[in-house]
Amino acid sequence: MSAPIIGSSPNRVGGIARVTGQHEYVADILVADALEAKFVTIDCAHARIISVDASAALALPGVLAVMTAADMPQPVPRFGPQLEDRPVIAVGETKYHGDPVAIVVAETRDLAMQAAALVHVEYEELPAVFTLAGALDPSAPLVQDPSLRPKDRFASTNVLREHPIGWGDVDAATADVVVEHTYTFPMVTHFAIEPHAYMAAPDGDGIAVWSTIQHPNWLQKVIAQVLHMPLAKVRVFAPDPGGGFGGKQHAKYEPLVALAAMHIGRPVRLVLTLEETFQAVRRASAEVRVRTGVNRDGSLVFEDIVADYLIGAYADIADRVVGKGSYPAAGPYNVPNVRIMARSVLSHTMPSTAFRGFGNPQVNWAVESNLDEAARAIGMDRLQIRLHNLARKGDAFIPFDTPADGHWEQTVLRAAELIGWDSPLPEGRGRGIALGVKSGPTTGLSYSTVRLLGDGSVVVFAGTSDMGQGARTVFAQIAAQELGAPLGWVAVVMGDTAVVPYDQQTSASRSTVLMGNSVLQACRSIQKQLSAMAARLHGLDEAQVTMDRGVIHLPDRDLTVLDVLVPGLGRLGGELTGNGEVRKDADPTHPLSGAPAFFEFNCTAIEVDVDRETGDITIARHVTVSDVGKSLNPLQVRMQDEGAAIQGLGHTLMEHYIWDEKGRLRNPGAIDYRIPTSMDLPLELIGATIENEDGPGPYGSKGMSEGALLCISSAVGAAVRDAIGVPMRDLPLTPERVWRALQEPSS
Amino acid sequence: MHAFAYVRPATVAEAVAILLAHGPDARVLAGGTDLVIRLRDGSAKPSVVVDLKRIAELRPGIREEDGHLVISATTVMTDVAADPLIRRYASALAEAASVVGSVQIRNRATLAGNICNASPAADTAPSLLVYGAVVVAQGPDGTRRIPIDEFFVRSGVTTLARGELVTAIELPVPTGRRGAMHQRRTRRRGHDLASVTVSCCVDEAGMTRLAYGSVGPRPVVYADATGVLADPSADREARLAILEAMFAGASPSPRSMRASPEYRLAMLRVLGARALQGAIDRLHADGD
Ligand SMILES: Cc1cc2nc3c(=O)[nH]c(=O)nc-3n(C[C@H](O)[C@H](O)[C@H](O)COP(=O)(O)OP(=O)(O)OC[C@H]3O[C@@H](n4cnc5c(N)ncnc54)[C@H](O)[C@@H]3O)c2cc1C
């Protein structure tokens with residue numbers, strides 16, 4: 001038996017290609033005759049398009065087309081994962097700053113840019129809403145045409161949907177102390193380092209589409225529908241993206257590029273600039289009011305939460321983000337009375353979409369911060385109040401849902417120990433601790449195929465997108481472990497819908513669990529075939545042969561895979577094939593249409609130093625502990641937690657969109673939108689995991705990759721409040737805001 | 001990117017001739033860390049870009065000559081920050097050069113480009129102001145020596161005339177001991193443009209010079225010859241009054257995304273006090 005590959009940290013599959021610049025991203029792929037596209041936009045958010053004059057642009061040699069809504073199939077196709085409300089290009093009006101009015105297609109990128117600048121758009125600015133207050137004003141202009149939802153009681157408002165959830169009776173409950181505050185969370189963008197890029201090429205009687213997409217099969221459906229083609233004629237290539245974080249989940253401009261390519265009859269490529277990416281993907285901002293009722297002994301009596309999320313002009317997946325993200329808002333605690341009312345509110349801003357944490361960080365910031373205030377109000381230690389109320393394994397902390405699926409107190413105690421919660425605090429410093437819980441995938445469908453070739457090497461076909469999280473490596477580890485192949489003998493094929501079987505999506509930290517189980521199933525099917533083969537070869541009963549970890553056990557001895565495979569396949573050779581199918585169907589009776597496959601659970605503890613003169617925060621010590629069930633690849637697990645934690649420091653300390661009064665984004669790009677650099681990291685970053693092998697994934701694993709981001713703001717905010725003695729309720733905690741908080745007379 | 005001609009003259013005279021011929025349609029290229037960004041975003045659309053990096057007379061270098069440190073126009077920040085002469089005689093400039101951008105930017109960005117770009121936030125400007133630097137410019141009428149305080153006009157505008165380019169920056173070598181410090185305020189620790197920059201230099205004769213930028217259309221310098229600022233034991237109120245008079249020249253823009261005017265003004269005071277104290281400490285520790 002070979003040393004276990006599961007639980008070790010081999011070099012990342014595809015890692016060398018990435019760090020040496022060999023990896024081919026969509027923007028690197030050369031296709032003969034490819035044209036380049038560029039958007040025409042206007043310097044205005046909401047406007048009626050009066051006319052588009054493209055004559056000067058079209059007069060440039062090498063400009064092939066300037067397409068507007070008028071050049072699209074009529075009615076202009078609309079698409080979207082939740083509502084089919086988004087037209088492939090602005091129709092009649094722009095709904096947000098950056099909404100493309102036309103697309104220019106030319107021989108080169110420079111030419112396309114030059115031509116785009118020559119397109120003259122005449123427009124009339126229309127009234128618009130960019131803030132929650134503006135959008136919720138009874139006299140606000142409507143973002144969405146009410147005729148799109150005639151029967152909806154919210155049709156004449158900017159509320160897209162409400163998501164009420166709760167249990168117990170908040171109004172009847174009485175608590176010794178009630179603490180109520182309002183918290184805000186900024187609009188931020190994913191800032192994947194790889195630019196969002198799309199390419200489409202007519203392909204016989206079908207089409208080939210390349211995209212930086214996380215969900216290639218979903219995109220395939222969208223393109224098939226827009227072009228009225230059968231799925232089999234739409235081939236989506238999805239090379240491993242360079243970071244996605246949710247921003248690359250759903251189709252954005254692929255339908256438009258596909259229509260342009262079909263119209264012109266040549267391949268068309270569109271690579272978004274960083275600035276354009278800011279206009280394409282973002283996280284919803286939110287305002288959350290929390291009323292927390294607590295008794296003097298520390299028991300939580302009720303949580304009453306109102307969360308408004310400002311989504312954009314089209315739904316994208318944003319309303320699901322609101323519903324699913326707010327659902328566990330009361331936290332991982334046994335709270336007898338809970339009332340949550342979350343609303344997705346439309347605005348004349350770019351559509352918000354999925355983003356690591358999926359709507360949870362917004363409410364976590366509010367509810368965990370308020371819990372600190374409650375602890376202070378009753379004079380209880382902030383760690384103790386959490387341990388006192390924390391759900392223990394098996395507790396139905398959300399009464400109608402999957403019970404707590406981990407020994408979460410172990411995670412909390414480990415974090416407390418690593419930060420030295422009970423040790424004396426150095427002068428001028430502050431500490432904070434916060435918990436985060438997120439519902440994992442509620443539905444899922446992952447097919448896989450594994451081929452054991454005649455020489456014992458293995459090919460795994462899995463439709464997950466490896467955007468840096470290391471899915472390729474984990475699937476290769478599973479196949480290597482189960483089929484006894486060295487890791488280097490396993491190839492993982494992804495990102496081509498013509499070749500790889502269907503996978504619903506790469507999101508919600510699902511792939512190790514759902515696709516991992518599917519790959520495991522496919523390997524186990526091959527193991528069965530090998531066992532049967534061995535029985536046949538050795539004249540045994542099938543029941544007398546077993547196989548695990550690449551070893552075939554006969555009653556009297558052990559055989560390797562090749563011992564069986566080579567004679568078993570015989571003179572013609574060939575291969576064994578196994579299929580996996582993991583299906584988690586929707587449950588229409590569940591508020592989220594399905595109970596989560598697992599919870600992601602994290603505890604973050606922070607120690608900060610605050611410069612009281614400037615407001616600078618230094619994170620002296622950052623502890624992040626996640627319950628991951630089992631680390632299949634400890635290094636990758638650690639990198640996911642560190643990456644999530646650091647990404648979360650962005651919206652905690654510095655990242656936010658800045659708008660002008662006309663709803664124009666003032667800080668797109670890397671100059672005035674700051675993300676953490678290596679110099680902004682905590683002085684000490686300590687990661688740890690709790691591993692009880694109690695997850696639903698292979699070998700007891702749970703999904704992970706978002707956990708360390710869920711409660712980071714709450715933990716940092718708590719530490720800052722501890723250091724300066726003044727609560728801060730608006731993110732990000734910029735030096736200027738900390739300084740302002742310190743200027744308040746009360747401090 | 002907008003199309004333009006690219007020329008790489010071999011001599012300063014040749015470069016001057018091109019700049020004279022094209023006037024505002026020509027742009028000088030040194031490290032390109034400011035210019036290339038503007039070429040890309042279309043805010044600069046020159047018809048000709050004049051690269052200085054092949055001009056032998058402007059070869060990178062820092063030398064001591066007739067009581068001056070002479071920094072040639074193509075010398076990059078990395079070299080300014082590491083140069084032993086600069087570190088010895090102009091430590092605040094070395095400090096400022098060492099915080100410009102990132103390692104990659106500093107390997108490319110020139111000191112001359114930093115001041116010719118004339119951003120109010122230019123990190124090296126306050127230190128050059130407190131050290132009384134002189135900008136050496138060559139143009140159709142020969143060489144001019146422009147005191148740095150007369151060089152800056154407002155963002156993007158200097159007193160260079162048509163056809164002129166900067167060939168070097170000179171700093172007087174101090175005759176006595178002095179201490180100096182550079183301070184800046186940014187939104188994060190990683191590279192960022194400053195929302196306040198301050199340099200302070202104190203000499204053994206009791207002269208204090210304090211310069212700051214990013215809080216008005218151009219960086220400015222003030223001097224206190226009374227000896228009061230340089231003396232930490234002097235009356236607190238008197239010292240504060242002098243500093244307040246110096247800070248009165250600040251007028252930060254309310255439109256900036258980087259920081260509000262109130263915060264900038266408050267930070268100017270915090271950084272000003274820290275730079276002053278740091279300069280005094282260094283004067284008494286080991287000199288500049
Ligand atoms: C990521 C990034 C971070 C940055 N961070 C900082 C920072 O922290 N602090 C800071 O101060 N700056 C910063 N900058 C700005 C820039 O790097 C500096 O201003 C730099 O010193 C410019 O020098 P350069 O040689 O690259 O100039 P260039 O871009 O080549 O030129 C700048 C301007 O000066 C003109 N010019 C250059 N040399 C001469 C000359 N000899 N005679 C006449 N005109 C000339 C050019 O025509 C142009 O208008 C940053 C820039 C970037 C891209």
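Analysis parameters
- Residues numbered from 1 in each chain as written.
- Chains lettered and ligands numbered in written order.
- Predicted model: local features only at pLDDT ≥ 70, side-chain atom pairs only at ≥ 80, totals over all residues.
- Heavy atoms only, no water.
- Helix = DSSP H or I, 4+ residues; strand = E, 2+ residues; numbered from the N terminus.
- Rg over C-alpha atoms; globule rule 2.2 N^0.38 Å.
- Buried < 20%, exposed > 50% of the residue type's maximum accessible area, 1.4 Å probe, protein only.
- Contact = heavy atoms within 4.5 Å.
- Buried area = accessible area lost by both parts, 1.4 Å probe.
- Salt bridge = Lys/Arg side-chain N within 4 Å of Asp/Glu carboxyl O.
- Polar contact = N/O pair within 3.5 Å; in protein donor to acceptor, adjacent residues only side chain to side chain.
- Nonpolar A, V, L, I, M, F, W, Y, C, P; charged D, E, K, R; others polar.
- Pairing = 2+ DSSP bridges.
- Axes fitted to C-alpha atoms, helices over the stretch in contact; angles between N-to-C directions.
- Domains from an automatic or database assignment.

**Considerations on the overall build of chain A**
- When you go through chain A residue by residue, the secondary structure sums to 18 helices and 28 strands.
- In terms of overall dimensions, chain A is globule-like: its C-alpha atoms have a radius of gyration of 27 Å, near the 27 Å expected for 747 residues.
- Each of the three principal axes of chain A carries a C-alpha extent, and together these read 85 × 75 × 50 Å.
- Taken over 747 residues, chain A has a buried fraction of 62%.
- Residue pairs in contact within chain A that sit at least 24 positions apart in sequence constitute 79% of those at least 6 positions apart.

**Points about the interface of chain B and chain A**
- Taken together, the contacts link 20 residues of chain B with 24 residues of chain A.
- Taken together, both faces of the contact between chain B and chain A bury some 2,200 Å²; the carbon and sulfur share is 45%.
- Considering only the surface of chain B that becomes buried against chain A, B:Arg188, B:Arg189 and B:Met257 emerge as the three largest contributors, covering 33% of it.
- A:Asp616 is the partner of B:Arg185 in a salt bridge, and the nearest nitrogen-oxygen pair spans 2.2 Å.
- Along the contact surface separating chain B from chain A lie 18 residue pairs in polar contact (both at pLDDT 80 or more).
- Grouping the constituent residues of the side of chain B that touches chain A by class yields eight nonpolar, three polar and nine charged.

**Some details on the sheet that holds strand β20 (residues 458–462) of chain A**
Residue and element names in this part refer to chain A.
- An order of β21-β20-β19-β25 is seen for the four strands of this open sheet, with the pairing classed as mixed. Either end of the sheet is taken by a strand with one partner, and the two such strands are β21 (490–493) and β25 (575–584). When the angles between neighbouring strand axes are averaged without regard to direction, this sheet yields 15°.
- Pairing of β20 with β21 involves four bridges; the strand directions are parallel. Note that in β21 the partner of Val458 across the bridge is Val490.
- Packing against the sheet, helix α12 (residues 471–483) makes contact with β19 (444–453), β20 and β21, and its axis sits at approximately 135° to β21.

**Regarding the domain arrangement of chain A**
Residue and element names in this part refer to chain A.
- For chain A, the domain assignment lists domain 1 (15–22 + 444–584), domain 2 (31–126 + 191–278) and domain 3 (285–441 + 590–743).
- Between the C-alpha centres of domain 2 and domain 3 the distance comes to 36 Å.
- Domain 2 puts 25 residues into the contact, and the matching count from domain 3 is 28 residues.
- Of the roughly 2,400 Å² buried at the junction of domain 2 and domain 3 (both faces included), carbon and sulfur atoms supply 60%.
- Three residues stand out in domain 2 for area buried against domain 3, namely Gln82, Phe245 and Phe278, and they jointly supply 28% of the buried area on that side.
- The interface formed by domain 2 and domain 3 holds three salt bridges in total.

**Section: the sheet that holds strand β3 (residues 48–51) of chain B**
Residues and elements named next belong to chain B.
- Taken in spatial order, the three strands of this open sheet run β1-β3-β2, and their pairing is parallel. Where the open sheet ends on each side, the last strands, each with one partner, are β1 (5–7) and β2 (26–29). Taken over all neighbouring pairs, the strand axes of this sheet differ in orientation by 25° on average, direction set aside.
- Inspection of the sheet shows β1 paired to β3 by three bridges, in the parallel sense.

**Let's talk about the pairing of strand β7 (residues 142–147) of chain B**
Residues and elements named next belong to chain B.
- Where strand β6 (residues 134–139) meets β7, six bridges bridge the pair, whose relative direction is antiparallel. Within β7, the position partnered with Gly139 by the bridge is Gly142.
- Between the antiparallel neighbours β6 and β7 lie two residues.

**Re the side chain of A:Asp372**
Residue and element names in this part refer to chain A.
- Within the secondary structure, Asp372 is located in helix α9 (residues 360–378).
- The class of Asp372 is buried, set by a relative accessible area of 3%.
- Polar side-chain contacts of Asp372 include one of 3.2 Å to the side chain of Arg382.
- Beyond its immediate sequence surroundings of up to four residues, Asp372 is in contact with Arg382, Arg386, Ile433 and Ala718.

**Observations concerning the domain arrangement of chain B**
Residue and element names in this part refer to chain B.
- One can read the domain layout of chain B as domain 1 (5–51), domain 2 (61–172) and domain 3 (178–283).
- Centre-to-centre, using C-alpha coordinates, domain 2 lies 20 Å away from domain 3.
- In this assembly, 23 residues from domain 2 lie in contact with 25 residues from domain 3.
- Overall, the association of domain 2 and domain 3 removes approximately 1,900 Å² of surface from exposure, summing both partners, and the carbon and sulfur fraction of that is 57%.
- Viewed at the interface, domain 3 and domain 2 are joined by three salt bridges.
- When the shortest N-O distance is used, the salt bridge between Arg184 and Asp123 registers 2.8 Å.
- The tally of links between domain 2 and domain 3 comes to 11 residue pairs in polar contact (both at pLDDT 80 or more).
- By residue class, the composition of the side of domain 2 that touches domain 3 is 14 nonpolar, five polar and four charged.

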